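# Summary of structural features
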Amino acid sequence: MKEQQPVIYWFRQDLRLADLPALKAAAASGHPVIPCFIIDHESPGDWTLGGASQWWLHHSLLSLSQDIAEKGGKLVVRRGNTRQQLLALVAETGAQAVYCSEAYEPWNRSLETALSDALADIQVDLQRHAGSLLFHPDAIRNKAGQPFKVFTPYWRHCMQLGLPAPGSRQQLSRGRFLEHELKSLPPDHWELLPTSPNWAEGWLKHWSPGSAGAQAALKRFASARLDGYKSARDFPSLEGSSRLSPHLHWGEISPRQACAAILAAQSAGDTDRQKFIAEIGWREFNHHLLFHFPHITEQPFKPRFEHLPWTDSQGRLRAWQRGTTGYPIVDAGMRELWHTGFMHNRVRMICASFLTKHLLIPWQWGARWFWDTLVDADLANNSCGWQWVAGCGADAAPYFRIFNPVLQGKKFDGEGTYIRRWVPEIASLPDRHLHAPWEAPEAVLAAANVNLGDHYPAPMVDHKEARAAALDAYDVLSSASDST
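Notes on the structure in this doc start here. Here the residue index of a chain counts from 1 through its sequence in written order. Two thresholds apply to this predicted model, a pLDDT of at least 70 for residue-level local features and 80 or more for giving and counting side-chain atom pairs, whereas whole-chain, interface and lining totals are computed over all residues. Just so you know, side-chain values use all the structure's heavy atoms and leave hydrogens and water out.

## Quick word on the nonpolar core
In these notes, a set of buried Ala, Val, Leu, Ile, Met, Phe, Trp, Tyr and Cys residues joined through side-chain atoms within 4.5 Å is what counts as a nonpolar core. Type-normalised accessible area, obtained with a 1.4 Å probe on protein chains alone, sets the label of each residue: buried when under 20%, exposed when over 50%, and partly exposed for intermediate values. Counting residues in each nonpolar core, the largest one holds 94 residues, and the members touching the most others are Trp155, Phe276, Trp320, Val330, Met334 and Phe370. Among residues more than four places away in sequence, those in contact with Trp320 are Thr325, Val330, Met334, Cys351, Phe354, Leu355, Leu359, Gly366, Trp369, Phe370 and Trp386. Counting 33 residues, the second largest nonpolar core, distinct from the first, contains Phe11, Leu20, Ile39 and Leu64. In this analysis, two residues are considered to be in contact whenever any of their non-hydrogen atoms come within 4.5 Å of each other.

Below, the structure is given as structure tokens:
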């Protein structure tokens, strides 16, 4: 009978069961729900998942599978072209509709359009609902009806609309998922984990992917780390940040849930709460920009920066990637990234500034490395973050702002706790010389068993010379008109 026809729920970047409008709508349809996920390395084109994201996805899917099993269902996992796989699943099951959350990356929007058209040809609806943002990127416009290009008026407008509240805490009831024996790839055939070498070995000590891990991270942050967040978040040796970014990216927790929990927290003052909400706002703003200006994944938001005289030194790029630049705070950040799939936000800015300003290497190269190595790799955040540092993005840092990595290290890691953890070969240096080992007397280096160029590299560039070269390069563009 027609009322027994199932509907398909297509999981994407929304790997949870609670506060999920599209899944709620699928369950409310009155038809049994078949949950599925498609591992697709084809549809994203140039933006197929990086290695760190694939690692996270594997473990998040395991968690989601268990959550669904506890509700009496079974997650169908398949690999291949999403449109083809979903059409095949519809044909196998006789499903009358496919439900999903919207995703806002350019390739995802194209995929939704193509899938909707293909399903319509066989008289099956694609039911799209609100995705993993507080506000739809196309719903926020300035008084002229145009997209915002500056964060402060954008977020002020959003705050005037009010933060949307999360949905009911009630989980999806048992019996809403269809009992089935459909073909599904077992986890050891997902091909998402690194093989040899296993560069992610030990990552589960740092992370708990999945909705349960997301809720635990939110609770831990709200109760123990939110107090003092506004200042503590800048110091990489402290547990001062939320570390919610990968959970938010994969939709293991919604921004509505996160904001509601933080606003309700009694452990901190209003300043800390509002600072966290504003950081969620930056995430929203980045997606707003990517939605309206999809070229920013590869091209500068400000066109005149296309003519910046970048260098193409693969050797310098590799030294930066490996954390062997000779600047301890930069090397510490790059090594943290490699060993954990994460880098502290303040240090991300320092490392990105070093690559683009000290080495004059294109921001796109750095963005690609982060895309492959970050567990929270997000196309909007990554693209806009790199353009912000390089000075070529919307609402960007001034192009002439060039972080001094020595001063940044002294300011935000004064006692060297972070550097000593990730650059142990110079750990014995006294604090006063830790941030610039090349300035230490030979006797101090010898006492710390540091031989520059052997145990630890000499700085690959001189800060003053690199700064001057960067300013010269940027000054070529300073008088050009900004056509954005």
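Don't stop here, the text continues.
## Quick word on empty space enclosed by the protein
Within this scheme a cavity is a closed region of a 1 Å grid, computed over the protein atoms alone, that accommodates a 1.4 Å probe without allowing it to escape, whereas a pocket is open but has protein on both sides within 12 Å along at least five of seven lines; lining residues each have an atom within 4 Å of a point. Grid points are joined across faces, edges and corners, and a volume is the space filled by probe spheres set on the points. By the definition in use, this model includes 3 cavities of 30 Å³ or more. Considering only enclosed or pocket space, the largest cavity measures out at about 340 Å³ in volume. Along the walls of the largest cavity sit 23 residues, with Gln13, Phe37, Leu49, Trp107 and Trp250 positioned nearest its centre. Sorting the residues of the lining of the largest cavity by element identifies strand 1 (7-11), strand 2 (33-39) and helix 4 (106-121) as the ones contributing at least two each. Numbering of helices and strands starts at the N terminus; helices are DSSP runs of H or I of at least 4 residues and strands are runs of E of at least 2.

## A word on the layout of surface pockets
By volume, the largest pocket is sized at about 1,300 Å³. Surrounding the largest pocket, 47 residues form its lining, Arg233, Glu279, Trp282, Asn286 and Asn345 being those nearest its centre. Taken together, the elements giving at least two residues each to the lining of the largest pocket come down to helix 8 (245-249), helix 10 (270-292), helix 13 (345-358) and helix 15 (379-390). Sort the elements by how many residues they give to the lining of the largest pocket and helix 10 lands first, with 9 residues. Any residue that is not Ala, Val, Leu, Ile, Met, Phe, Trp, Tyr, Cys, Pro, Asp, Glu, Lys or Arg is counted as polar, Gly included; the first ten are nonpolar and the last four charged. When grouped by side-chain class, the residues that make up the lining of the largest pocket number 23 nonpolar, 12 polar and 12 charged. Roughly 590 Å³ of volume is contained in the second largest pocket.

## Overview of unusual backbone geometry
In the segment running from Ser196 into Pro197, the intervening peptide bond is cis, with an omega of 0°. Note on placement: Pro197 falls in the loop between helix 5 (151-161) and helix 6 (211-225). Positive phi values are uncommon outside glycine, yet Gln123 reaches one of about 60°. Relative to the elements of secondary structure, Gln123 occurs in the loop between helix 4 and strand 5 (125-129). We note that Arg243 has phi near 55°; this positive angle belongs to a residue other than glycine. As for its position among the elements, Arg243 is in the loop between helix 7 (229-232) and helix 8.

## Observations concerning the pattern of salt bridges
What makes a salt bridge here is a side-chain nitrogen of Lys or Arg within 4 Å of a carboxyl oxygen of Asp or Glu, nothing more. As enumerated under the stated definition, the model contains 14 salt bridges in all. Between Arg225 and Glu239 there is a salt bridge, with the nearest N and O atoms lying 3.2 Å from each other. In this pair, Arg225 sits in helix 6 while Glu239 sits in the loop between helix 7 and helix 8, placing the two residues 14 residues apart along the sequence. The class of Arg225 is buried, set by a relative accessible area of 17%. Judged by its relative accessible area of 62%, Glu239 falls in the exposed class. Among the ionic contacts, a cluster of salt bridges with common partners joins Arg12, Glu112 and Arg128.

## Points about the environment of Pro294
In this fold, Pro294 is placed in the loop between helix 10 and helix 11 (314-322). For the pair Pro294 and Cys36, spaced 258 residues apart in sequence, the C-alpha separation works out to 28 Å.

## Comments concerning the pairing of strand 2
Judged by how many residues are buried, strand 2 sits mostly within the fold: 7 of 7 residues are covered. Where burial is concerned, the two faces of strand 2 agree: the one with Val33, Pro35, Phe37 and Ile39 and the one with Ile34, Cys36 and Ile38 are both buried. Criterion used throughout: strands pair if DSSP finds at least two bridges between them. Inspection of the sheet shows strand 1 paired to strand 2 by 5 bridges, in the parallel sense. Bridge pairing links Tyr9 to Pro35 in strand 2. Note that the unit made of strand 1, helix 1 (residues 21-28) and strand 2 has a crossover that is right-handed. Here strand 2 pairs with strand 3 (residues 76-79) via 4 bridges, running parallel. Bridge pairing in strand 3 places Ile39 opposite Arg79. Convention used here: a crossover is right-handed provided that the path from the first strand, over the helix, to the second strand proceeds clockwise when the strands point away from the viewer.

## Considerations on the sheet that holds strand 1
Two orientations exist for strands paired in a sheet by backbone hydrogen bonds: parallel and antiparallel. One open sheet holds the 5 strands; their spatial order is 3-2-1-4-5, and the pairing between them is parallel. Looking at strand neighbours, the two that pair on one side only are strand 3 and strand 5, the edges of this open sheet. Taken over all neighbouring pairs, the strand axes of this sheet differ in orientation by 30° on average, direction set aside. Axis definition: a line fitted to C-alpha atoms, limited for helices to the stretch in contact. Angles are taken between N-to-C directions and run from 0 to 180 degrees.

## Thoughts on the side chain of Glu252
Within the secondary structure, Glu252 sits in the loop between helix 8 and helix 9 (255-264). His is not counted, nor are the chain ends, whereas Lys and Arg count as positive and Asp and Glu as negative. Buried and without a salt bridge, Glu252 has Arg16 as its closest oppositely charged side chain, separated by 9.3 Å. Two N or O atoms count as a polar contact when they lie within 3.5 Å, although within protein this holds only if one can serve as hydrogen donor and the other as acceptor, and sequence-adjacent residues are included solely when both atoms are side-chain atoms. A distance of 3.0 Å separates a polar side-chain atom of Glu252 from the backbone nitrogen of Gly210. Filtering out sequence-adjacent residues up to four positions away, Glu252 remains in contact with Leu15, Arg16, Trp56, Ser60, Pro209, Gly210, Ser211, Ala214 and His247.

## What about the packing of helix 14 (residues 363-373) against helix 15?
At their nearest, the axes of helix 14 and helix 15 sit 10 Å apart, and the two run at 145° to each other. For the pair helix 14 and helix 15, the crossing hand works out as right-handed. Only Leu379, Asn382, Ser383, Trp386, Gln387 and Ala390 of helix 15 make contact with helix 14, whose side of the interface consists of Trp363, Gly366, Ala367, Phe370 and Trp371. Grouping the amino acids of the contact of helix 14 with helix 15 by side-chain chemistry returns 7 nonpolar, 4 polar and no charged. In this scheme, a crossing is called left-handed if the near helix is turned counterclockwise away from the far one by less than a right angle; it is called right-handed if the turn is clockwise.

## Points about the packing of aromatic side chains
Between rings of Phe, Tyr and Trp, where Trp is taken as its six-membered ring, a pair exists when centres lie within 6.5 Å; planes separated by under 30 degrees are stacked, by over 60 edge-to-face, and by other angles tilted. One pass over the full model with this rule turns up 27 aromatic pairs. Seen in terms of ring centroids, Trp55 and Trp56 are 6.2 Å apart; in terms of plane orientation they differ by 65°. Their pairing is edge-to-face. An aromatic cluster of at least three residues, connected via ring pairs, comprises Trp55, Trp56, Trp199, Trp203, Trp207 and Phe342. A cation over a ring is seen here: Arg243 above Phe342, with NZ or CZ 4.6 Å from the ring centre. Only lysine NZ and arginine CZ atoms are considered, and such an atom sits over a ring when it is within 6 Å of the ring centre and within 35 degrees of the ring normal. Cation over ring: Arg348 sits above Phe342, and NZ or CZ is 5.0 Å from the ring centre.

## Topic: helix 14
Burial analysis of helix 14 places 8 of its 11 residues in the buried class, the great majority of the element. All of the buried residues along helix 14 are Trp363, Gln364, Gly366, Ala367, Trp369, Phe370, Trp371 and Thr373. Summarising the contacts, the buried residues of helix 14 are in contact with helix 2 (51-70), helix 11, helix 12 (328-340), helix 13 and helix 15.

As far as function goes, none of this settles anything; it's purely spatial.
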